[in-house]
Amino acid sequence: MTTSEAIVVPELYSGYPGVAFGGYVAGVLAERSSARTVRVDFRGPVPVETPVRITETTDDGVELGDTERPFATARPAELPLDAPAAPTWDQAAAASERFRSAPPSGVVDCFGCGLRAADRGLRVYCAPVPDLDLVASAWTPSPAFADPNGLLPPALVWSALDCPGNWAGRFLGTQRPGAVTASLTGTILRPVTTGEPYISYAWLLSESGRKHTVGAALATAEGELCAVSEALWIDPRPVS
């Protein structure tokens, strides 16, 4: 038996203009699954401020959009990913300050990494860490996004795993501005508390043409892992 309803992604959670932020969409779908690790595949841009059908299927999966042509699907998955050790807080803080002081080309008004006010975006600003094959950001989730227990909702933990992968592809590889998340596989290992310091970081795994595979992690300021993910990013098609 399947169950379905409609959801609306608020404009606040946009990545590109008019398009729902991929990490947030992935987190919403992952929350509907009872699996510990979930893979979300994107088939098309999810609109904001528009009712979209969400369906929970019999195989612990979730579909967003019409069954024939869903915008995104989620399924239980495995994640055999070995995350490298997190950089230090000072290294991550220096990297995020470099991002803020000289934003790279291609920065948009994104919920994850856009230059927004603290109550309107996550502000995860990843830049390369010298002598490490990583990008990183020192990050304190705003209490504006806290649930009643002061925790960051799971959908926003997933959101914090998305943009770091983009900047890993951009800074460490050949990924182009305008790339999109094609798939995101993640797992949350421990709760994330708003108002507490964390380190968000990402690394490049492989590249092939327009495809870029990256790993990302969220850790406490002391380096304890809170969440990990692997994502596939795809460059925009060349303009002919």
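Structure: above.
Please read these numbers as outputs of a predicted model, since none were measured by experiment.

Undergrad: How should the overall build of the chain be read in this particular structure?
TA: A tally of helices and strands in the chain yields 4 helices and 11 strands. For the chain, whose C-alpha radius of gyration is 17 Å, the value lies close to the compact-globule estimate of 18 Å for 240 residues. Once local pairs closer than 6 in sequence are excluded, the contacts in the chain between residues at least 24 apart make up 70%. Carbon and sulfur atoms make up 51% of the accessible area of the chain, which totals about 10800 Å².

Undergrad: Hey, could you run me through the nonpolar core in this one?
TA: The nonpolar side chains of soluble globular proteins are, as a tendency, buried together. L29, V40, L64 and L218 are the most contacted members of the largest nonpolar core, which totals 72 residues. Looking at this core, the element that brings in the most residues is helix α1 (residues 22-32), giving 6 residues.

Undergrad: Hey, could you run me through helix α2 (residues 89-101) in this one?
TA: The periodicity of an α-helix, 3.6 residues per turn, causes residues three or four positions apart to be oriented the same way. Look at α2: 18 Å from first C-alpha to last across 13 residues, which is about the 18 Å you get at 1.5 Å a residue. Of the positions making up α2, those classed as buried are A92, A95, S96 and F99. Taken end-on, α2 shows its buried residues confined to a sector of 95 degrees, consistent with a single buried face. Residues of α2 that are exposed and point over 90 degrees away from its buried face: D90 and S101.

Undergrad: What is the right way to read the packing of aromatic side chains from this model?
TA: Given two aromatic rings, one states the distance between the centres and the angle between the planes to describe the pair. A complete count under the given rule lists 8 aromatic pairs for this structure. Taken together, a centroid distance of 6.1 Å and an interplanar angle of 65 degrees make the contact between F21 and F111 edge-to-face. Of this pair, F21 sits in the loop between β1 (3-7) and α1 while F111 sits in the loop between α2 and β6 (127-128), and the two are 90 residues apart along the sequence. No difference in accessibility class separates F21 from F111, as the two residues are buried. Seen from their ring centres, F99 and W167 are 5.3 Å apart, and the 80 degrees between their planes marks the pair as edge-to-face.

Undergrad: How do you make sense of unusual backbone geometry when you look at a structure like this?
TA: For residues besides glycine, phi is generally negative; the peptide bonds are generally trans as well. Positive phi, normally seen in glycine, also occurs at D60, with a value near 65 degrees. With respect to the helices and strands, D60 occurs in the loop between β3 (52-56) and β4 (62-65). Residue D60 is classed as partly exposed on the basis of its relative accessible area of 26%. Positioned with a positive phi, D131 is a non-glycine residue whose angle comes to about 70 degrees. Summarising the element assignment, D131 is placed in the loop between β6 and β7 (135-139). The exposure class of D131 is exposed, given its relative accessible area of 84%.

Undergrad: Is there a simple way to think about helix α4 (residues 163-172) in this case?
TA: Counting buried positions over the 10 residues of α4 gives 8, a clear majority of the element. Those residues of α4 not exposed but buried are C163, P164, G165, N166, W167, A168, G169 and R170.

Undergrad: Help me out: how do you make sense of the environment of D109 in this one?
TA: The topology assignment puts D109 in the loop between α2 and β6. Those residues in contact with D109, other than ones at most four positions away along the chain, are S14, G15 and R116. Polar contacts involving the side chain of D109 include one to the side chain of R116, which spans 2.9 Å.

Undergrad: Is there a simple way to explain the layout of surface pockets in this structure?
TA: By volume, the largest pocket amounts to about 480 Å³. Y16, A179, V180, T181 and W233 are, among the 29 residues lining the largest pocket, the residues nearest its centre. In terms of residue count, α4 provides more of the lining of the largest pocket than any other element does, 4 residues in total. Tallied by class, the residues present in the lining of the largest pocket amount to 18 nonpolar, 7 polar and 4 charged.

Undergrad: Help me out: how do you make sense of the pairing of strand β2 (residues 37-42) in this one?
TA: Each regular strand displays side chains that alternate between the two surfaces of the sheet. Taken together, the 5 bridges between β2 and strand β8 (residues 180-188) define a ladder with antiparallel strand orientation. Bridge pairing in β8 links R39 to T185.

Undergrad: Is there a simple way to think about the state of the cysteines in this case?
TA: Here, disulfide denotes a covalent bond that connects the sulfur atoms of two cysteines. Per the counting criterion, the structure on display carries 0 disulfides. No disulfide involves C126; its sulfur sits 8.4 Å from that of C163, the nearest cysteine. The thiol sulfur of C226 is not disulfide-bonded, and the nearest other cysteine sulfur, from C126, lies at 15 Å.

Each value, and the rule that gives it
- Residues numbered from 1 in each chain as written.
- Predicted model: local features only at pLDDT ≥ 70, side-chain atom pairs only at ≥ 80, totals over all residues.
- Heavy atoms only, no water.
- Helix = DSSP H or I, 4+ residues; strand = E, 2+ residues; numbered from the N terminus.
- Rg over C-alpha atoms; globule rule 2.2 N^0.38 Å.
- Contact = heavy atoms within 4.5 Å.
- Areas by Shrake-Rupley, 256 points an atom, 1.4 Å probe, with all protein chains shown as cover.
- Core = buried A, V, L, I, M, F, W, Y, C linked by side-chain atoms within 4.5 Å.
- Buried < 20%, exposed > 50% of the residue type's maximum accessible area, 1.4 Å probe, protein only.
- Expected span 1.5 Å × (residues − 1).
- Arc of directions from axis to C-beta.
- Phe/Tyr/Trp six-rings, centres within 6.5 Å; stacked < 30°, edge-to-face > 60°.
- Polar contact = N/O pair within 3.5 Å; in protein donor to acceptor, adjacent residues only side chain to side chain.
- 1 Å grid on protein atoms, 1.4 Å probe; cavity = no way out; pocket = protein on both sides within 12 Å on 5 of 7 lines; lining within 4 Å.
- Points joined across faces, edges and corners; volume = space filled by probe spheres on them.
- Nonpolar A, V, L, I, M, F, W, Y, C, P; charged D, E, K, R; others polar.
- Pairing = 2+ DSSP bridges.
- Disulfide = S-S within 2.5 Å.

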